[in-house]
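# Observations on the three-dimensional arrangement
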Amino acid sequence: MPRSPTHAPRTRIYRPTPRNLARLARLLQAGELVAVPSETVYGLAAHALDASACEKIFAAKARPKTDPLIVHICELAQLTTLAHAGPLAQKLAAAFWPGPLTLVLPKRPAVPAIVTAGRDSVAVRMPQHPLFLALLSACAVPLAAPSANPFGYVSPTRAAHVKAGLGGKIFAILDGGPCAIGLESTILDARNEQQLRILRPGAISAAELSQVAAVRVEDFSQTPNSNEVDESPKIAPGLLSRHYSPRARVVLYEKIPPRLASAAQPDEALLYFQKPPADWPRTDAHRAWLTDNNDQAEAARALFATLRTLDAQGFKTIHAELAPEGPLSTAINDRLRRAAASAQ
Ligand code: AMP
Ligand code: MG
């Protein structure tokens, strides 16, 4: 078991063997951090009821303490130990868990203030990834886990992305391969059952939620300054307009104009949504795309990895196309807009 380091930890990627899972569960119980795969993005997990373990998340990510964490569980019974969940929250949990839906609910005293950034609400999710669920059940405690990247950068969708961002800051990464969805969870403010509001769009849409809830679900995430409308402190404090950002400047287009392709400089990349025809437009510029066949799930899976690759290739500007209307376009375009927003 590693001691608190006086020097930078050596970061190890663990294969998902039963022995490694047991070892990583013990690390988590002892208050250490472990990066874990989920179906959304990789998370940086800590024992959610241990305030000093959760402190380490903020230090490793350089995350402001005003930005609360999502708490992950593997059984519905754990929800009521963390939060007050009324009949509608229970119904949504039953319908969408395990899965990419985070519910914001009034918190119970068991949840330390550091997890919720001092708020009286807590964000809870039951992930769908079998390895994350296995770890949760082996350590038998809820795990707080934000995305496993330095604060503000693009979220990781592979173990190697976590190592690139947090290597030397954490001991352990569990390798679960590439994430199946590739975008962070939908966050739903369910504190008031009469007024359900999406704070962050994800793979589960407002329409799907409305159908199960039998009430209209408002998408609050696209409202300018929505974080500040309702109350102080902000309701979804981490959702800065600039977030998920590569180092390169990102410029957005409904469609990348052909004249841009011919004018692009060597340090500029063109990021199409769908693979353009081989001979069009004529360009020497570097071209990348998110999907071969207009498949939104494939595009969502590829988005963060592609932004990282373009950064690693040293492009200064990424001209990126928005997703056309489709099942994941709200979530994909939310991330693209935040990547393109100028620093505040
Ligand atoms: P991350 O896990 O890094 O993708 O970010 C978690 C996000 O969940 C935070 O940045 C907040 O926007 C949101 N969140 C977590 N807890 C709460 C809460 N109690 N109320 C509102 N939003 C929350
Ligand atoms: Mg994050």
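These figures come from a predicted structure and were not determined experimentally. (Residues numbered from 1 in each chain as written. Chains lettered and ligands numbered in written order. Predicted model: local features only at pLDDT ≥ 70, side-chain atom pairs only at ≥ 80, totals over all residues. Heavy atoms only, no water.)

## Some remarks on the pattern of salt bridges
One pass over the structure, following the stated rule, counts nine salt bridges. The salt bridge involving lysine 65 is made with glutamate 55; its shortest N-O contact spans 3.1 Å. Of the two residues, lysine 65 is situated in the loop between helix 2 (51-61) and strand 4 (70-72) and glutamate 55 in helix 2; the sequence distance between them amounts to 10 residues. Judged by relative accessible area, which is 47%, lysine 65 ranks as partly exposed. Exposure remark for glutamate 55: the relative accessible area of 36% places this residue in the partly exposed category. A single salt-bridge network, built from bridges that share partners, covers Glu184, Asp334, Arg335 and Arg338. (Salt bridge = Lys/Arg side-chain N within 4 Å of Asp/Glu carboxyl O. Helix = DSSP H or I, 4+ residues; strand = E, 2+ residues; numbered from the N terminus. Buried < 20%, exposed > 50% of the residue type's maximum accessible area, 1.4 Å probe, protein only.)

## As for the side chain of aspartate 67
Of note, aspartate 67 is situated in the loop between helix 2 and strand 4. Looking at aspartate 67, the relative accessible area reads 7%, which means it is buried.

## Remarks on the UniProt feature "binding site: ATP" (unreviewed entry) in the protein chain
According to UniProt, the "binding site: ATP" (unreviewed entry) feature falls on Arg63, Ser147, Ser155, Arg200 and Tyr244. Structurally, serine 147 can be placed in the loop between strand 7 (143-144) and helix 7 (159-166). Once residues within four sequence positions are removed from consideration, serine 147 is found in contact with Val41, Tyr42, Gly43, Leu44, Lys61, Ser155 and Pro156. Mapped onto the elements of the fold, serine 155 is located in the loop between strand 7 and helix 7. Among the residues examined, serine 155 registers a relative accessible area of 0% and is labelled buried. If sequence neighbours within four positions are ignored, serine 155 has contacts with Val41, Ser147, Asn149, Glu184, Tyr244, Phe304 and Arg308. (UniProt positions renumbered as here; feature names shortened; annotations may be inferred. Contact = heavy atoms within 4.5 Å.)

## As for the packing of helix 11 (residues 296-312) against helix 12 (residues 329-340)
One can describe the packing of helix 11 onto helix 12 by two numbers: an axis separation of 10 Å at closest approach and a directional angle of 20 degrees. Viewed along their axes, helix 11 and helix 12 adopt a mutual orientation that is roughly parallel. Handedness of the crossing formed by helix 11 with helix 12: left-handed. Every residue of helix 12 that contacts helix 11 at Gln296, Ala299, Ala300, Leu303 and Phe304 is listed here: Ser329, Ile332, Arg335 and Leu336. Grouping the amino acids of the contact of helix 11 with helix 12 by side-chain chemistry returns six nonpolar, two polar and one charged. (Axes fitted to C-alpha atoms, helices over the stretch in contact; angles between N-to-C directions. Parallel < 35°, antiparallel > 145°, perpendicular 65-115°, else oblique. Left-handed = near helix turned anticlockwise from the far one by under 90°. Nonpolar A, V, L, I, M, F, W, Y, C, P; charged D, E, K, R; others polar.)

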